[in-house]
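Letter by letter, the chains look like this.
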Amino acid sequence: MVIKLRRVDVGVDEANELLTQAGNPSVNSMKILQGGWDNTNILLTLTDASKVVLKVWNANTTDEVKRVVARHCNLDEHGIPTAVPIEFLDGELVVEKDGMAWTLLPFVEGGMLGSDEKSLENLGETLARLHQIPATDCFPDDYRMGWSLFEEMFEIADYTGSWSDFLISLKRESEALRNQIPADLPQGILHGDLFPDNVIGDGSVAAILDLEEAFIGPCAFDLMMAFVGFGWNDEEPIHERWNALLEGYESVRPLSQEEKLALPELHRYATLSIAAWRYWKHVMTQPDEELKGRYLEMAHRLDQQIDFEKCSVE
């Protein structure tokens with residue numbers, strides 16, 4: 001049996017080799033896990049009926065993966081639910097094979113966190129606790145899906161002469177937002193990509209996954225990204241979901257007045273970041289006919305101006 005997913009083929013022998021290095025039983029069955037756009041994730045059911053996740057980080061360098069793993073360890077040390085890789089017999093958390101980083105992760109039971117009020121209140125509480133963790137060197141100051149990505153996209157457009165209506169709009173919007181978002185908002189460790197496929201739970205957060213985009217930035221931005229990921233139903237923002245997120249968050253860390261005033265701009269920045277990443281990924285760098293229109297979901301949301309204080313749509 002061979003599992004095929006994106007750029008990596010993983011066979012039973014390769015899975016067993018990794019399991020042996022961790023002192024685990026051999027594999028009984030393998031199943032591709034859905035979610036995520038870059039790396040290979042396979043659920044391994046072992047001969048003793050236990051389960052682990054084999055992850056091949058085919059989209060990241062080994063050094064980068066080690067920094068991401070350090071972020072997970074940091075969250076775990078501070079009581080934030082996440083998935084820390086299983087330690088190999090040599091004491092390492094990451095193995096390099098065929099030029100790529102491989103890890104074994106504990107399998108966290110449950111599906112993606114729902115958008116019901118109880119779940120979102122708990123997500124808000126968990127985010128507020130995350131934002132109060134002391135910063136460490138494994139978290140960068142740069143947001144990989146934000147300003148620096150926009151600049152990279154503009155450079156590509158200049159070089160290839162491929163300025164589209166979206167890129168022109170992105171340049172105009174991003175320049176305006178950089179002037180509108182205060183530079184002195186309270187900072188903390190942020191996840192940066194809080195969508196349902198990155199949070200496991202049933203009524204509460206069991207694990208926050210995929211910290212590739214994590215960075216040090218304005219705390220309220222992460223709250224807005226959570227609303228972008230969980231707060232909409234198709235093209236409509238659901239105000240009850242926002243209220244649940246905010247209530248949970250402020251039960252741990254109340255927002256300052258400056259943060260509340262900046263919420264509309266932070267929401268636009270979060271929305272724009274997801275639209276830009278999807279355009280960069282599926283249109284500019286890895287063109288995909290099936291996925292090339294995904295950015296439009298976020299681009300269309302920018303047409304709605306939301307009053308977060310009154311929770312109404314204009």
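For the structure itself, consult the block above.
Residue numbers here run from 1 along each chain, matching the order of that chain's written sequence. Only residues with pLDDT of at least 70 are given local features in this predicted model, and only at 80 or more are side-chain atom pairs given and counted; all residues enter the totals for whole chains, interfaces and linings. Note: side-chain values were computed over all heavy atoms of the structure, leaving out hydrogens and water.

## A closer look at the packing of aromatic side chains
Point 1. Stacked, tilted and edge-to-face are the three classes assigned to paired rings of Phe, Tyr and Trp, where Trp is represented by its six-membered ring and a pair needs centres within 6.5 Å; plane angles under 30 degrees give stacked, over 60 edge-to-face, the rest tilted. Tallied over the entire structure, the rule returns 16 aromatic pairs.
Point 2. Geometrically, the ring pair formed by Phe166 and Tyr279 is tilted, given 4.8 Å between the ring centres and 35 degrees between the ring planes. Residue Phe166 is located in helix 5 (residues 165-180), and its partner Tyr279 is located in helix 8 (residues 257-285); the two are separated by 113 residues in the primary sequence.
Point 3. On the basis of relative accessible area, Phe166 is assigned to the buried category, the value being 10%.
Point 4. Ring centres 5.6 Å apart and planes at 80 degrees place the aromatic pair Phe227 and Phe308 in the edge-to-face group. The numbering of helices and of strands both runs from the N terminus, where a helix is a DSSP run of H or I of at least 4 residues and a strand a run of E of at least 2. A 1.4 Å probe rolled over the protein chains alone gives each residue an accessible area, and that area as a share of the maximum for its type sets the label: buried under 20%, exposed over 50%, partly exposed in between.

## Some details on helix 2 (residues 62-77)
Because an α-helix packs 3.6 residues into every turn, residues spaced three or four apart end up facing the same way.
Point 1. The span you would expect from a helix comes to 1.5 Å times its residue count less one. When the terminal C-alpha atoms of helix 2 are compared, their 22 Å separation across 16 residues agrees well with the 22 Å that a helix rising 1.5 Å per residue should span.
Point 2. All buried positions along helix 2 are accounted for by Thr62, Glu64, Val65, Val68, Val69, Arg71, His72, Cys73, Asn74 and Leu75.
Point 3. Considering only its buried residues, helix 2 is in contact with strand 5 (51-57), strand 6 (95-97), strand 7 (100-106), helix 3 (117-130), strand 8 (187-190) and strand 10 (205-208).
Point 4. After helix 2 finishes, the residue Gly79 shows a positive phi value of roughly 80 degrees. Here a residue-residue contact requires only that any non-hydrogen atoms of the pair lie within 4.5 Å.

## Remarks on the sheet that holds strand 5
Point 1. Here, a strand pair is defined by DSSP locating no fewer than two bridges between the strands. Spatial ordering of the open sheet is given by 3-4-5-7-6, a layout of 5 strands whose pairing is antiparallel. Looking at which strands have only one partner, the edges of the open sheet turn out to be strand 3 (27-32) and strand 6. Pairwise comparison of adjacent strand axes, ignoring direction, gives a mean angle of 30 degrees for this sheet.
Point 2. Here strand 5 runs beside strand 7; their pairing, made up of 6 bridges, is antiparallel. Throughout, an axis means a line fitted to C-alpha atoms (over the contacting stretch in the case of helices), and angles, computed between N-to-C directions, take values from 0 to 180 degrees.

## Examining the pairing of strand 5
Point 1. The element strand 5 is largely enclosed, with a buried count of 6 among its 7 residues.
Point 2. Where strand 4 (residues 40-46) and strand 5 come together, 6 bridges link them in antiparallel fashion. When the sheet's bridge partners are listed, Asn41 is paired in strand 5 with Lys55.
Point 3. The turn joining strand 4 and strand 5, which pair antiparallel and follow one another in sequence, is formed by 4 residues; a positive phi near 80 degrees is taken by Ala49.

## Thoughts on the side chain of Asp193
Point 1. If you trace the backbone, Asp193 turns up in the loop between strand 8 and strand 9 (199-201).
Point 2. For the buried Asp193, no salt bridge exists, and the shortest N-O distance to an oppositely charged side chain is 7.6 Å, to Arg278.
Point 3. If we ignore the near neighbours within four places in the chain, the residues touching Asp193 are Met145, Asn198, Glu213, Met225 and Ile274. Within this scheme the basic residues Lys and Arg register as positive and the acidic residues Asp and Glu register as negative, but His and the chain ends are omitted. The salt bridge definition used is simple: a Lys or Arg side-chain nitrogen within 4 Å of an Asp or Glu carboxyl oxygen.

## What about the side chain of Thr62?
Point 1. Mapped onto the elements of the fold, Thr62 is located in helix 2.
Point 2. Once you skip the residues sitting within four places of it in the chain, Thr62 turns out to touch Val94, Glu96, Met100 and Ala101.

## Topic: the layout of surface pockets
Point 1. Buriedness of a pocket was judged along seven lines, with at least five required to meet protein on both sides within 12 Å; pockets are open sets of points on a 1 Å grid over the protein atoms alone, cavities are sets where a 1.4 Å probe fits but cannot get out, and lining residues have an atom within 4 Å of a point. Grid points are joined across faces, edges and corners, and a volume is the space filled by probe spheres set on the points. Approximately 330 Å³ is the volume attributed to the second largest pocket.
Point 2. Looking at the second largest pocket, it is lined by 19 residues, and the ones nearest its centre are Trp147, Ile181, Gln187, Pro218 and Tyr269.
Point 3. Residue assignment for the lining of the second largest pocket shows that the elements contributing at least two residues are helix 4 (147-160), helix 5, strand 11 (215-218) and helix 8.
Point 4. By residue number, the principal contributor to the lining of the second largest pocket is strand 11, which donates 4 residues.
Point 5. Split by residue class, the lining of the second largest pocket holds 13 nonpolar, 3 polar and 3 charged. Three classes are used, and their members are as follows: Ala, Val, Leu, Ile, Met, Phe, Trp, Tyr, Cys and Pro are nonpolar, Asp, Glu, Lys and Arg are charged, and the others, Gly among them, are polar.

## Structural notes on the packing of helix 6 (residues 219-230) against helix 8
Point 1. Running from N to C, helix 6 and helix 8 point in directions that differ by 55 degrees, and their axes come no closer than 8 Å. As judged from the angle between their axes, helix 6 and helix 8 are oblique. Considering only the axes of helix 6 and helix 8, their crossing is right-handed. For the pair helix 6 and helix 8, contact is made by Cys219, Ala220, Phe221, Met224, Met225, Phe227 and Val228 and by Glu259, Leu263, Leu266, His267, Tyr269, Ala270, Thr271 and Ile274, respectively.
Point 2. Residues of the contact of helix 6 with helix 8, tallied by class, amount to 12 nonpolar, 2 polar and 1 charged. Oblique is the label for any angle not covered by the other classes, which are roughly parallel (under 35 degrees), roughly antiparallel (over 145) and roughly perpendicular (65 to 115). Rotating anticlockwise by less than a right angle from the far helix to the near helix defines a left-handed crossing, while the corresponding clockwise rotation defines a right-handed one.

Scope: geometric values only; no functional claims are made or implied.
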